[in-house]
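One-letter residues, chain by chain:
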Amino acid sequence: KEKTLALIKPDGVSGNYTDGIKRVILESGFSILMETIVQLDEDKVATFYAEHSSRTFFSSLIKYMTSGPVLVMVLEKENAIAHWRGLIGPTDARKAKITHPHSIRAMCGLDSEQNCVHGSDSALSAQREMSFFFKEISSD
Ligand code: ATP
């Protein structure tokens, strides 16, 4: 089985979407192996989203991601990375509402920044992101 990192972003947590999102996760056959609530600081977000450091939206992204606590989870199932990315839908929640109306971002996201959830996009980023939040994670 495969593991991936899922994150409910500050808008998802403060908007009370946590229980609904977890219900979708469990009904979709994922196991939640680990979970923790954390308040990220600027340094943590800058490291987590380092690939976006040169983008115009970077400072806004840092502000958004530090605006409140996030819920971090390790999910496991066959093909977990692609399946979770499919469930959350496209980055821009406005587009998701049109093209993927049943996706999580369509349900609880707002726009291309406040999109409520995150999912690792590859095996390499899943490994990096899981060890970023959970030091004890195994690599198998
Ligand atoms: P994530 O990495 O959070 O799962 P993603 O892979 O769908 O999202 P990325 O392109 O990696 O999208 O962007 C990372 C995050 O940066 C997005 O989830 C969103 O919060 C923010 N972001 C992306 N594009 C924009 C944009 N054009 N304007 C503002 N914020 C953006």
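Residues numbered from 1 in each chain as written. Predicted model: local features only at pLDDT ≥ 70, side-chain atom pairs only at ≥ 80, totals over all residues. Heavy atoms only, no water.

**Some thoughts on the state of the cysteines**
Disulfides are covalent bonds that link the sulfur atoms of two cysteine residues.
So, step 1. Inspection of the entire model under this criterion finds one disulfide.
So, step 2. Cys108 shares a disulfide with Cys116; S-S distance 2.1 Å. Residues Cys108 and Cys116 are joined through a disulfide that is left-handed, its torsion about the S-S bond being -75 degrees. Residue Cys108 shares its accessibility class with Cys116, and that shared class is buried. (Disulfide = S-S within 2.5 Å. Buried < 20%, exposed > 50% of the residue type's maximum accessible area, 1.4 Å probe, protein only.)

**Digging into the environment of Leu26**
So, step 1. Structurally, Leu26 can be placed in helix α2 (residues 18–27).
So, step 2. Taking the C-alpha atoms as reference points, Leu26 and Leu71, separated by 45 residues in sequence, lie 16 Å from one another. (Helix = DSSP H or I, 4+ residues; strand = E, 2+ residues; numbered from the N terminus.)

**So, the environment of Phe48**
So, step 1. Mapped onto the elements, Phe48 comes out in helix α3 (residues 42–48).
So, step 2. When the C-alpha atoms of Phe48 and Glu129 are compared, they prove to be 7.4 Å apart, with 81 residues separating the residues in sequence.
So, step 3. Filtering out sequence-adjacent residues up to four positions away, Phe48 remains in contact with Leu5, Leu7, His118, Arg128, Glu129, Phe132 and Phe133. (Contact = heavy atoms within 4.5 Å.)

**Regarding the confidence of the model for the chain**
So, step 1. In this model, the chain carries a mean pLDDT of 96, and residues with pLDDT of at least 70 account for 97%.
So, step 2. Scoring the predicted complex yields pTM 0.95 and, for the interface, ipTM 0.94. (pLDDT = per-residue confidence, 0-100.)

**Focus: the sheet that holds strand β4 (residues 117–119)**
So, step 1. Overall, antiparallel pairing links the four strands, which are arranged β2-β3-β1-β4 in an open sheet. Of all the strands in the sheet, the pair left with one neighbour each is β2 (31–38) and β4. On average, each strand axis in the sheet is inclined to that of its neighbour by 20 degrees, with strand direction left out of account.
So, step 2. Alignment of strand β1 (residues 2–8) against β4, held across three bridges, turns out to be antiparallel. When the sheet's bridge partners are listed, Ile8 is paired in β4 with Val117.
So, step 3. Relative to the sheet, helix α5 (residues 80–88) contacts β1, β3 (70–77) and β4, its axis offset from that of β1 by approximately 30 degrees. (Pairing = 2+ DSSP bridges. Axes fitted to C-alpha atoms, helices over the stretch in contact; angles between N-to-C directions.)

**Observations regarding the pattern of salt bridges**
So, step 1. In the structure shown here, the tally under the stated rule is two salt bridges.
So, step 2. Across the salt bridge formed by Lys22 and Glu35, the nearest N and O atoms sit 2.9 Å from each other. Here Glu35 lies in strand β2 and Lys22 lies in helix α2, a separation of 13 residues in the sequence.
So, step 3. Between Arg94 and Asp92 there is a salt bridge whose closest N-O contact spans 3.5 Å. (Salt bridge = Lys/Arg side-chain N within 4 Å of Asp/Glu carboxyl O.)

**What about helix α4 (residues 58–65)?**
So, step 1. Taken together, the buried positions of α4 are Phe58, Leu61, Ile62, Tyr64 and Met65. Within α4, the buried residues cover an arc of 165 degrees as seen down the axis, which keeps them to one side. Away from the buried face of α4 by more than 90 degrees, exposed residues Ser59 and Lys63 are located.
So, step 2. As for α4, its buried residues are in contact with β1, α1 (10–14), α3 and β3. (Arc of directions from axis to C-beta.)

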